[in-house]
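# Notes for the structure review
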Amino acid sequence: MNIIILGAGQVGSTVATQLSKEESNELTVIDINQEILSDLQDHLDLRTICGNGSYPGLLEDAGADDADMIIALTNSDEINMIACQVASSIFHTPTKIARIRSPEYLRRPGLFAENSIPVDYIISPESLVTEYIYHLIEHPSALQVLDFANGRAQLVAVKAYHDGLMVGRALRTMNEVVPGVDMRVAAIFRDGESIQPSADCVIEVDDEVFLFAAREHIPTVISEMRKLEKPNKRIMLAGGGNIGGQLAAMMEKDFQVKVIEANPARARQLSATLDSTIVLLGDAANPDLLVEENIESMDVFCALTNDDEANILSSMLAKRMGAKKVMSLINRAAYVDLVESGLIDIAISPHQVTIGALLAHIRRGDVVAVHALRRGSAEAIEAIAHGDRSSSRVVGRAIEDIKLPEGARISAIVRGEQVIIAHHDTVIESEDHVILFLTDKKKIKAVEKLFQVGITYF
Amino acid sequence: MQLLVIQRILGLLMMVFSSTLLPPIVTGLIYDDGAILPFVEAFVLTLVTGFLLYLPVHQQKKELRLRDGFLVVVLFWTVLGVAGGLPIYLSGIYDISVTDAIFESISGITTTGATVIVGIDQMPHSLLLYRQELQWLGGMGIIVLAVAVLPMLGVGGMQLFRAETPGPVKDTKLTPRITETAKALWYIYLGLTIACALAYWAAGMSLFDAISHSFSTVAIGGFSTHDASIGYFNSTAIQFIAIVFMLLSGVNFAIHFTAFRHRSLQPYQRDAEFRTYLLVLSVVSVITIGYLQFNHTFDSTAESIIEGLFQVVSIGTTTGFTTAEYYSWPGFLPVLLLYVSFIGGCSGSTGGGIKVIRILLLVKQGARELQRLVHPNAQIAVKIGKKVMPEKVIEAVWGFFAAYFAISALMILLLMATGLDQETAFSAVAACLNNLGPGLGDVGRNFANINDPAKWILCLAMLLGRLEIFTLLVLITPAFWKK
């Protein structure tokens, strides 16, 4: 596919890195900063063009005439929208994706349509990350919570603790733990490596276990699996930027929220828009401030500033000073591995969250969602099966008869409102949402192909 | 430095290169000239050497880094230059020495076109074609070809590509994927070559001569299958065709690409380098023709025009075809033409020399300094076309310019130390460093009569010229080798 990416910032670079790894993609990246571009070109096989990406002339130079897709990811909503408009009006680009950050635009759904602002898909990293963190706070013991089939099914990662019910148990007996709930262990990571969850596999201490179940069963499953953790009550957010502000607004009804913001103007603005949240003006890495605000009784401390290093250090400080659980927003992939080994409970990588949502639009064969697990070492894919037994390679077949690529497993099927945990004799029907796990990224193509319908279908 | 990865790629490239010895073998069979054996021997030798290099390290599949790219390119050009001399030496033609065989090969592959062989007309067809083919492969760049046909080079391909492509700005890609860019360049190159061959053929050359000369014309090389070069044909039509194709090949291939894609001539008109290129050649042509006419060198005005134009374009683009004995032209003309060859072709073309864009930048930079004297506080950007050139590029151009002249001065001294006279030494360095071909004085006709040490120095000059000095020079800096 011929893809133009606008903006080589953090999001743009991550997307470009991911997409250029797939050989069928031809990428052109546009940015106003030549230095970032040169750096990108040194490491990736793509073309770069320096300039303002919403100008028609520049888009033409970038090959917009025969581009299949434009992804506008600059930090300006307005440039992104105009770029999509230009691509649509002048170059008739088939697919247009724009990053829109400001909630002001997102609130009006009618705004983004073919005859107004022609954006096919909107990516809003801040909202995605906010939602992601919200899930984590909602489920106190979860390391990662992912939605499938519009939230009907969820995948939760939990750590197996010493005195939890999971440890020492073989997977085949797992269902006895929670009677009446159908669930599935989809993946297990031990020391950062994925291991095959066969029926005889025994869970050890410190394993990260990915559980899959219908949304309504998730709280039961988690609480049964682990010694019940008290629900989170007191939350402290360090950094009241886009994410911090949105998150506080979302949570303030159900939780006691405190936000620490260093910029006086922003702090004033936050206090005006938020109702029951306490907005504190100050430095999140200041021990005195933390003590004064009872850091030791906080259930969750969440560092959400733009600065990786500040986030890591303030989280470590909060942990040392008694916060029960600390989370930190970390952009650099290298840091994530570094700190998640113990210093910080959960490292949140905004790119991984964003890219999952973006990849779903780029993948073919009716793949609706792709989520990276464990920072991309495995992926969870949701795909819709179409056609009938003769035109599709999955419909009308029992799971054991489907020729899956190596390393891929079908975990569950969502049929209408019903979540069906996959067994070897489950037969897939047309329009089922099939949820797969993949440990080898290179096999994504094969999965996509599997779900493509033969020509006869049309 | 990832030496094993470099060895693997070198082995691969040698195996690919060995296949270029097949066309001469086929030619030998067609003409039954009895000179196939050296090619078969060289083919087997190159293939086996490449395979032996590749086999023990074939699993070293890491990405090439910046430094590795330089080393691969330099090693490859050097090794190929030497290996390319193999069939010439093995053929034993005119009892050729090792030095002469390697000189001939490097002169071919760097598209210089300086020859040490006299009596070309009597050589077997396979050997003649081989010399022309060497030029053709070297023209667009053998690495660019390798990038096009070996997709596994990946990002590393870009590192190689950059070390080989001529011009100050090397990041412009025609297409997003480097393999596709390399392919696009070779398609244009191939298209030009075919068009040129057909034109020559239609103008009365034999098919063999047409193909052979199209190779060296489009590559801006200058080898011919005759001692008298293009002059052998004694045809105005052929001279005219050569002028057109030399001009086209001296233009940045990226512009050909854009023009072809949009089916319009606008890209040429918009490109500042192209306009300067034409301007320089036109001005020098007018001066040359006027002076020839003034001195009554030729009998008729028409002859002055065609000979003057041909020689200016041939030397200005650094091709080096000759029809007249330009080195015996009156007054300042021979030296003027050599000076023009320093300017050379456009960046991203097959031409040699310093490249028009660099000269243009130097002139604009000079003008800026003058303006700064008048307006000390003025902010003045150096623009090419409508684009502002980054200061980094301008600095690099100054560095290049200084290195170019320092190297040529040094080489002139070295050549004079081996016993050459001043005119010969100067022109030989200019002819080799600019990848031009014919010089003045003792090297006006050919390079057969100079001593062996001088030939080796000139071999180095040709490689330096083709790889634009820095790619080669960086290898002798200690920083390059430090871990």
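Residues numbered from 1 in each chain as written. Chains lettered and ligands numbered in written order. Predicted model: local features only at pLDDT ≥ 70, side-chain atom pairs only at ≥ 80, totals over all residues.

## Describing the overall build of chain B
Within chain B, the secondary structure is distributed over 22 helices and 2 strands. At 22 Å, chain B has a C-alpha radius of gyration in line with the 23 Å of a compact globule built from 483 residues. In chain B, of all internal contacts separated by at least 6 residues, the share reaching a separation of at least 24 is 70%. (Helix = DSSP H or I, 4+ residues; strand = E, 2+ residues; numbered from the N terminus. Rg over C-alpha atoms; globule rule 2.2 N^0.38 Å. Contact = placed C-beta atoms within 7 Å.)

## A few points about helix 14 (residues 350-362) of chain A
All names here are of chain A. The end-to-end C-alpha distance of helix 14, which contains 13 residues, comes to 19 Å, matching closely the 18 Å that a straight helix rising 1.5 Å per residue would cover. In terms of burial, helix 14 is a largely internal element, 10 of the 13 residues being buried. Three or more residues of helix 14 are buried, namely P350, H351, Q352, V353, T354, I355, G356, L358, L359 and I362. (Expected span 1.5 Å × (residues − 1). Buried ≥ 20, exposed ≤ 12 C-beta atoms within 10 Å, placed from the backbone.)

## A closer look at the interface of chain A and chain B
With 11 residues of chain A at the contact, the number on the chain B side is 10 residues. Mapped onto the side of chain A that touches chain B, the elements with two or more residues apiece are strand 2 (26-31) and helix 2 (34-43) of chain A. Ranked by residues supplied to the side of chain A that touches chain B, first place goes to helix 2 of chain A with 4 residues. Of the residues belonging to the side of chain A that touches chain B, the class tally is 3 nonpolar, 5 polar and 3 charged. (Nonpolar A, V, L, I, M, F, W, Y, C, P; charged D, E, K, R; others polar.)

## Thoughts on the packing of helix 6 (residues 125-138) of chain A against helix 9 (residues 242-251) of chain A
Residue and element names in this part refer to chain A. Close contact between helix 6 and helix 9 brings their axes to 9 Å; oriented N to C, the two are set at 45 degrees. Regarding the angle of helix 6 to helix 9, the classification is oblique. The hand of the helix 6/helix 9 crossing is right-handed. Here E126, S127, V129, T130, I133, Y134 and I137 of helix 6 come into contact with helix 9, specifically with N242, I243, Q246, L247, M250 and M251. Across the contact of helix 6 with helix 9, the residue classes tally to 8 nonpolar, 4 polar and 1 charged. (Axes fitted to C-alpha atoms, helices over the stretch in contact; angles between N-to-C directions. Parallel < 35°, antiparallel > 145°, perpendicular 65-115°, else oblique. Left-handed = near helix turned anticlockwise from the far one by under 90°.)

## Structural notes on the domain arrangement of chain A
Annotation of chain A at the domain level lists domain 1 (2-123), domain 2 (142-225), domain 3 (234-352) and domain 4 (359-457). The C-alpha-based centres of domain 3 of chain A and domain 4 of chain A are spaced at 38 Å. (Domains from an automatic or database assignment.)

## Here we look at the environment of A:I444
Turning to its location among the elements, A:I444 is positioned in helix 15 (residues 444-450). C-alpha of A:I444 to C-alpha of A:E22: the two residues are 422 residues apart in sequence and 9.8 Å apart in space.

## Overview of the packing of helix 15 (residues 301-316) of chain B against helix 16 (residues 333-343) of chain B
All names here are of chain B. Between helix 15 and helix 16, whose axes approach to 8 Å, the crossing angle comes to 40 degrees. Relative to helix 16, the element helix 15 is oriented oblique. On the side of helix 15, the interface is formed by Q311, V312, I315 and G316, while helix 16 contributes L337, V340 and S341. Its residues assigned to classes, the contact of helix 15 with helix 16 comprises 4 nonpolar, 3 polar and no charged.

## What about the environment of A:V291?
Inspection of the secondary structure assignment puts A:V291 in helix 11 (residues 287-292). As for A:V291 and A:H423, which are separated by 132 residues in sequence, their C-alpha atoms are 52 Å apart.

## Looking at the sheet that holds strand 19 (residues 378-384) of chain A
All names here are of chain A. The strand order across the open sheet formed by 5 strands is 18-19-22-20-21, and the pairing between neighbours is antiparallel. Edge positions in the sheet fall to strand 18 (367-373) and strand 21 (418-421), since each of these pairs with one other strand and no more. The mean angle between the axes of side-by-side strands here comes to 20 degrees, regardless of whether they run parallel or antiparallel. Both strand 20 (residues 408-415) and strand 22 (residues 433-438) contribute to a ladder of 6 bridges, which runs antiparallel. Across the sheet, V414 pairs through a bridge with H433, a residue of strand 22. (Pairing = 2+ DSSP bridges.)

## As for the confidence of the model for chain A
The predicted coordinates ought not to be read in detail in places where the model reports low pLDDT. With 94% of its residues at a pLDDT of 70 or more, chain A shows a mean pLDDT of 82. Looking across chain A, the model is least confident in helix 7 (residues 174-177) of chain A, with a mean pLDDT of 70, and most confident in strand 15 (residues 300-303) of chain A, with 92. (pLDDT = per-residue confidence, 0-100.)

## What to know about the sheet that holds strand 11 (residues 208-214) of chain A
Residues and elements named next belong to chain A. With respect to topology, 5 strands assemble into an open sheet ordered 7-8-11-9-10, the strand pairing being antiparallel. If you trace the sheet from one side to the other, it starts and ends with strand 7 (142-148) and strand 10 (193-195), each paired once. Neighbour to neighbour, the strand axes of the sheet diverge by 25 degrees on average, direction disregarded. Sheet topology places strand 8 (residues 153-159) next to strand 11; 7 bridges connect them, and they run antiparallel.

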